[in-house]
Amino acid sequence: MKERWLYSWALGSISFGGASLLIPLYIVELGASTVELGILAATAALIGAPGAIVFGRLANRVDHRRPLVVITLATVAIFLAAIPLLSSVTAVIVANAVIWLVVSSIAPVLTMLVVDDAPESAWSERIGVLNKYQGYGWAGGLVLGTIWPFVGGQLVGEETVTRALFWVFALSAGMSVIGAVRSLPRPDPSAHVTSERKIRKVARLLSTSNRGIKGTAFVFSPNRLYWTTRQFHPRRLLNRINPALATYLVAAVLFFTGFAVFWAPLPLFLTETGFDSEEVFALYLASSLASAVLYEGVGTFASRYDVRLLQSGALAVRSVLFPGTALVAGLGAVTLGFGAAGVGLAAIGLTWAVIAVVGTAIVTRLAPRNVRGEVLGVYTALSAIAGGIGGVLGGWVATFGYGVAFGVAGGLVLLGAILVLSLRALSKEGHATEPRPDTDASRVDTAIPTSTSEGSEKRAG
């Protein structure tokens, strides 16, 4: 695979990563309430899945693959350039929904592009390379958002520094359009992945990966949902869901909802606490990088220790960190509060690495082999639905006080932890015959090894 076009996609991903936090901060500047922040988060969480299905179906016709990528990047560039000209919170929420619709929807198309014209033995490696480039780009967007106020303030002045950052990200997306037009692969039509046998192979590869269910980019959550539900049979699936699996799925709804309740009002809380936009970007970056550092180690750790205790423990710690981090962030001295908040959010990022990786391992273990892919698709769908519900709930509850919102978030996560802890079937003693993941699939890096996994959780939540 020629990697030149992936540089263009990484350049576009800079705009995705930056926009994931810049848009919430912008509507805070416009005077958005916590409820409106919740709606912003909810629409981003919910809109990607149906879009991925539509784009995926279109991409089955091979002539549509390159144009869909170009359209996505161009749409992001246009809307990011337009947002700073908008003064209505509602209009920005709509623009944000359009951006995340196309960004999330393009994921299945990208998967097809990287596996086209490649032997099946190379698919895992190619998908991993795609995720690496996208992840580095997303992290670059957060880094740029952190340093821009210092650089941009000198160039354009303090009053327009935030709006100018939108245009910088729009320029990044626009340059990626030019690069994509010139470098997107043009494999021979006979080499495209269009046969049902190959499509099932891709679906199995993605669905049995032993990495994080959220993928890294929220973009790859709809990706897995698309591939794993291509041949979805609800009645057959319902007949094969056992009590332990049902319990874990209920737990997942609870803790994913709790995550979203926490992240939805957080930008406004941090702003009102006294942090500048560059400090907020830095805090989110600390959380994202912390989760990235732990991803590889968690996969090995989870194969040796009781996943029930790992998952419930990480959730319990996170349930305490949510209200605790918010409490220390509000310390009287801004410098002390920023340092304490940075430590707290980094710890939250570490727990995300455990929850994301171990969560997929648990679902894989509990799901019957013949419907494992479909169950993972359901798990992905539930995370998106819970993110939407939690976003609205978090925005509404925050109207009664941030402490109430973060306490509710921690409570929901703790309930999920208790349910996971009750699943003794997950303990090694109860699962000596745990199925091993497919050799190739276990190498697929569906959790991008940078900021995107945690970053996407923040956007979706």
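Look up a bit, the structure's there.
Here goes a summary of the coordinates provided. (Residues numbered from 1 in each chain as written. Predicted model: local features only at pLDDT ≥ 70, side-chain atom pairs only at ≥ 80, totals over all residues. Heavy atoms only, no water.)

### Describing helix 11 (residues 243-263)
Then comes step 1: End to end, helix 11 covers 31 Å across 21 residues, agreeing with the expected 30 Å (1.5 Å per residue, within 8%).
Then comes step 2: With 15 of 21 residues buried, helix 11 lies mostly within the body of the structure. (Helix = DSSP H or I, 4+ residues; strand = E, 2+ residues; numbered from the N terminus. Expected span 1.5 Å × (residues − 1). Buried < 20%, exposed > 50% of the residue type's maximum accessible area, 1.4 Å probe, protein only.)

### Brief notes about helix 3 (residues 65-82)
Then comes step 1: For helix 3, spanning 18 residues, the distance from its first C-alpha to its last is 26 Å, which sits close to the expected 26 Å at 1.5 Å a residue.
Then comes step 2: By the burial criterion, the buried members of helix 3 are R65, R66, L68, V69, T72, L73, T75, V76, A77 and L80.

### A word on the side chain of S176
Then comes step 1: Among the structural elements, S176 can be located in helix 7 (residues 161-183).
Then comes step 2: The class of S176 is buried, set by a relative accessible area of 0%.
Then comes step 3: Apart from residues lying up to four places away in sequence, S176 is in contact with S8, L11, G12 and L73. (Contact = heavy atoms within 4.5 Å.)

### Examining the environment of L382
Then comes step 1: Position of L382 among the secondary structure elements: in helix 16 (residues 372-397).
Then comes step 2: Residues L382 and V250, spaced 132 residues apart in sequence, show a C-alpha to C-alpha distance of 9.2 Å.
Then comes step 3: Setting aside residues no more than four positions away along its own chain, L382 makes contact with L249 and V253.

### Here we look at the packing of helix 1 (residues 4-29) against helix 12 (residues 266-273)
Then comes step 1: The interhelical angle for the contact between helix 1 and helix 12, taken along N-to-C directions, is 55°, at an axis separation of 9 Å. Judged on the interaxial angle alone, helix 12 and helix 1 are oblique. Considering only the axes of helix 1 and helix 12, their crossing is right-handed. Judged by residue contacts, P24, L25 and V28 of helix 1 engage P267, L268 and T271 from helix 12.
Then comes step 2: For the contact of helix 1 with helix 12, a count of residues per class yields five nonpolar, one polar and no charged. (Axes fitted to C-alpha atoms, helices over the stretch in contact; angles between N-to-C directions. Parallel < 35°, antiparallel > 145°, perpendicular 65-115°, else oblique. Left-handed = near helix turned anticlockwise from the far one by under 90°. Nonpolar A, V, L, I, M, F, W, Y, C, P; charged D, E, K, R; others polar.)

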